[in-house]
Amino acid sequence: MGLLIFIALPLAVYLSLALVAKGRPAAIALIVALALVGVSYRLMPELAIAAFLALGGIAMAALAQTVRVLAAERMAPGLYFKLLGVPPMIAFLILTFSRGA
């Protein structure tokens, strides 16, 4: 069960923030998510691991939104949604090989 939370929490945060419309709504969503994680960490330090996992999801979403804005002119309209799986796959591979699994 712990492994499921370890994988599902960052992916849920990532997908919910990466699918927000680009521009100002995405920036506001990322800032609010960071603020909520910071407040939850200050109020409940025993949930530090969950806050760290949520930060991983926020970082992947920020990367995806940055790619979406910078490559908007050169990228086909449907390509962004096809590329959404790349950051979590890279993070999962890094975690897998760093843990020796």
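In this report, we go over the structure that sits alongside the text.

About the cut-offs
- Throughout, a residue's number is its position along its own chain's written sequence, starting from 1.
- Residues qualify for local features only when their pLDDT is at least 70, as the model is predicted, and side-chain atom pairs are given and counted only at 80 or more; totals for whole chains, interfaces and linings, by contrast, use all residues.
- Side-chain figures throughout are based on the complete set of non-hydrogen atoms in the structure, without hydrogens or water.
- In this description a helix means any DSSP run of H or I spanning at least four residues, a strand means any run of E spanning at least two, and both kinds are numbered starting from the N terminus.
- Partly exposed residues are those whose accessible area sits between 20% and 50% of the maximum for their type, while under 20% is buried and over 50% is exposed, using a 1.4 Å probe and protein chains only.
- Note on definitions: a residue-residue contact is assigned when non-hydrogen atoms from the two residues lie within 4.5 Å.
- In this description, accessible areas are obtained by the Shrake-Rupley approach with a 1.4 Å probe, and a residue is regarded as covered only by the protein chains that are shown.
- What a helix is expected to span follows from its residue count: subtract one and scale by 1.5 Å.
- Here, the arc refers to the directions that run from the helix axis to the C-beta atoms.
- Each patch is built from residues lacking any salt bridge and having more than 30% relative accessible area; the joining distance is 9 Å for like charges and 5 Å for nonpolar side chains (Val, Leu, Ile, Met, Phe, Trp, Tyr).
- Salt bridge, as used here, is a side-chain nitrogen of Lys or Arg placed within 4 Å of a carboxyl oxygen of Asp or Glu.
- Between 30 and 60 degrees the pair is tilted, below 30 it is stacked and above 60 it is edge-to-face, where a pair is any two Phe, Tyr or Trp rings, Trp via its six-membered ring, whose centres lie within 6.5 Å.
- A 1.4 Å probe that fits but cannot get out identifies a cavity on a 1 Å grid over protein atoms alone, an open set with protein on both sides within 12 Å along at least five of seven lines counts as a pocket, and a residue lines either if it has an atom within 4 Å of a point.
- Grid points are joined across faces, edges and corners, and a volume is the space filled by probe spheres set on the points.
- In the scheme used here, Gly and all other residues not listed as nonpolar or charged are polar, with Ala, Val, Leu, Ile, Met, Phe, Trp, Tyr, Cys and Pro taken as nonpolar and Asp, Glu, Lys and Arg as charged.

**Some remarks on the overall build of the protein chain**
Check the secondary structure of the protein chain and you find 5 helices and 0 strands. In the protein chain, which comprises 101 residues, the proportion classed as buried is 25%. For the protein chain, restricting intrachain contacts to residue pairs at least 6 apart in sequence, the fraction spanning at least 24 positions comes to 72%. Accessible surface, the protein chain as shown: approximately 7000 Å² in total, 78% of it carbon and sulfur.

**Considerations on helix α2 (residues 24–43)**
An ideal rise of 1.5 Å per residue puts 28 Å on 20 residues; α2 measures up with 28 Å between its terminal C-alpha atoms. Those residues of α2 that sit buried are A26, L30, A33 and V37. Buried residues of α2 fall within an arc of 60° about the axis and therefore sit on the same side. More than 90 degrees from the buried face of α2, the exposed residues found are R24, I31, L36, R42 and L43.

**Some remarks on a nonpolar patch on the surface**
A cluster of nonpolar side chains, contributed by F6, I7, L11, F92 and L95, occupies part of the molecular surface with about 390 Å² of accessible area. Looking at the nonpolar patch, the element that brings in the most residues is helix α1 (residues 2–18), giving 3 residues. Its place among the elements puts I7 in helix α1.

**Examining the packing of aromatic side chains**
All told, the structure shown has 1 aromatic pair when counted by the stated rule. With a centroid separation of 5.5 Å and 75° between ring planes, the pair formed by Y80 and F81 is classed as edge-to-face. Looking at F81, the relative accessible area reads 48%, which means it is partly exposed.

**Thoughts on the layout of surface pockets**
The calculated volume of the largest pocket comes to roughly 330 Å³. Around the largest pocket sit 14 residues that line it, and F6, P10, M60, A91 and L95 are the ones nearest its centre. Only α1, α3 (48–70) and α5 (86–99) provide two or more residues apiece to the lining of the largest pocket. Residues that form the lining of the largest pocket fall into these classes: 12 nonpolar, 2 polar and no charged.

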